[in-house]
Amino acid sequence: MRIGIPVEPGENQPLVAATPDTVGKLIKLGYDVEVQAGAGEDAAYPDALYREAGASIVGEEVWEADIVTTLDTPPKEKRDLMRSGATLICRMAPGRNEELINELANRGITGLAMDAVPRISRAQSMDVLSSMANIAGYRAVIEAANAFGRLFTGQVTAAGKVPPAKVYVIGAGVAGLAAIGTANSMGAIVKATDLRVEAGEQVESMGAEFVAIQEEAEKSEDGYAKEMTQDQAELAAKIYSQQSAEADIVITTANIPGRTSPVLLTEEDVANMRPGSVVVDLAAANGGNCALTKPGEVFVTDNGVTIIGYTDLAGRLPGQASQLFGQNIVNLFKLITPEKDGQRVLDLDDEIIRTITVTLNDGQETSVLWPPPPVSVSVAPQQQPAQDTQAAEEPEKQAFMGGPFAKIGLAIAILLGAAIVLVSPLGMSGNFVVLTLAIVLGFYVISAVTPTLHTPLMSETNAISGIVLVGAILQVNSPNIIVTVLAFLAIVVSSVNVFGGFAITDRMLGMFVKEDA
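Residues numbered from 1 in each chain as written. Predicted model: local features only at pLDDT ≥ 70, side-chain atom pairs only at ≥ 80, totals over all residues. Heavy atoms only, no water.

The name given to the protein chain in an unreviewed UniProt entry is NAD(P) transhydrogenase subunit alpha, and the organism recorded there is Corynebacterium urealyticum. Under the UniProt heading Catalytic activity (unreviewed entry), the note attached to the protein chain is "NAD(+) + NADPH + H(+)(in) = NADH + NADP(+) + H(+)(out)". (UniProt positions renumbered as here; feature names shortened; annotations may be inferred.)

1. Section: a nonpolar patch on the surface
Taken together, Leu422, Val423, Ile481, Ile482, Val485, Leu486, Phe488, Leu489, Val492, Val493 and Val496 make up a surface patch of nonpolar side chains, about 1000 Å² in accessible area. Of all the secondary structure elements, the ones that give two or more residues to the nonpolar patch are α13 (404–423) and α17 (481–510). The element that contributes the greatest number of residues to the nonpolar patch is α17, accounting for nine residues. For Leu422, a relative accessible area of 72% corresponds to the exposed category. (Patch = residues over 30% accessible without salt bridge, like charges linked within 9 Å, V, L, I, M, F, W, Y side chains within 5 Å. Areas by Shrake-Rupley, 256 points an atom, 1.4 Å probe, with all protein chains shown as cover. Salt bridge = Lys/Arg side-chain N within 4 Å of Asp/Glu carboxyl O. Helix = DSSP H or I, 4+ residues; strand = E, 2+ residues; numbered from the N terminus. Buried < 20%, exposed > 50% of the residue type's maximum accessible area, 1.4 Å probe, protein only.)

2. Side note on the sheet that holds strand β12 (residues 249–252)
Taken together, the seven strands give an open sheet; going across it, the order is β11-β10-β9-β12-β13-β15-β14, and neighbouring strands pair in mixed fashion. Of all strands in the sheet, those with a lone pairing partner are β11 (209–210) and β14 (298–300), marking the two edges. Relative to strand β15 (residues 306–308), β14 is paired through three bridges, and the arrangement is antiparallel. Looking at the pairing, Val300 lines up with Thr306 of β15. Against the sheet, helix α5 (residues 128–148) contacts β12, β13 (278–281) and β15, and its axis sits at roughly 155 degrees relative to β13. (Pairing = 2+ DSSP bridges. Contact = heavy atoms within 4.5 Å. Axes fitted to C-alpha atoms, helices over the stretch in contact; angles between N-to-C directions.)

3. Quick look at the packing of aromatic side chains
As enumerated under the stated definition, the model contains two aromatic pairs in all. Over the face of the ring belonging to Phe299 we find Lys294, whose NZ or CZ atom lies 4.4 Å from the ring centre. It is Arg316 that lies over the ring of Tyr310; its NZ or CZ is 3.6 Å from the centre. (Phe/Tyr/Trp six-rings, centres within 6.5 Å; stacked < 30°, edge-to-face > 60°. Lys NZ or Arg CZ within 6 Å of the ring centre and 35° of its normal.)

Here you go:
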């Protein structure tokens, strides 16, 4: 099948749906890839690089491909160029475009909405919303720093001290965490608020202070934000007002898919901010989180606050944004091309494919499959109380320490130890004392380690076993037959532990090896 990558028809859209790198990966899956001439120019991907990757450079006929991939829904004049039975893959906002869905169905076009990817672990590699939000969060801080006109990091100079900038982020989703990490790395003092209590740990792990709203928000079942209740909104509004008045830079990221963005900063809140402060509204495309935001514009209020309402923050880093979007597309094709033979297979039993399939042409008729059945996303698991965990592990520990086999083994070990001491030279008594203490100490240390850590613990004992192995080799030629036998046994046991430990370590490391694209 042929995949077509056209020039993005949207105005001032520098991104492209595939880069030379992702084109090569699509070709490895068995597809023929056609790229419209000049599609990647604005993202610094000239046609020559696509040719080197194996793609064909074509003209307007790119729209006649079996599968057409774009960032957003192409305009009607471009959709009219697509043939019946083709597949369109892009961000469609299907919840707000009923007319588009009906048009695709009437024309026999299969539509896959990349902005409808469910937020489950298995689908993260295809989530274009997260990919673009990550870049937008980073770029938001860069735009804020440019407009702020002062240092982010604090400094102590001969001329005096320079205080660090104070950044306040509302919303700790993908974009919010990216903004937090960027601002923190630039030396700012960062605070953040999110309705989800579990987000506090993520915020603090990024080096920021979490400002919690006392009343917890409704749990999300689909991985996306829920609209605040009236009580939550009132509590949150007080925090937003207080924190924004203290901050130099405020970054808002609250978006509710399919709906107008909630207003979090009122005109009064902006009026209370200091002159020179900056607000970056990442929700400007859907109306904005600030009451004064002008989508697509930057302006300064009467009290000297700069409000940035860019709707194309990801597009301001076109090279990397295109690469991430293209890789999301590749990951989708890996899912729908199970045989890597260049044939698209839509298995509607797969919850990812079912959720993003808006219309489906099965060769005879085209069905409308939107809206999809809900996909439940589990929230963060509650931590089990420590005392319950200890209580659950106590029977196992007692069985290990007090079972009949343990008693028999202990008795045999004592008898063997006594026999060894009796036949050994008198000068070795001090060594036996050290050995006994080491056994007792080692037993209590190892038995206190949670079973979850036993495998990496075994790998760490390679060094200790190596020392035992070297010592045993030095003693194996002893004239005393008992020492020779014990040294041989030590060599065998230590070798098993060393090589077994390395084998287990290799398996553990193999879990983190990235698969070949």
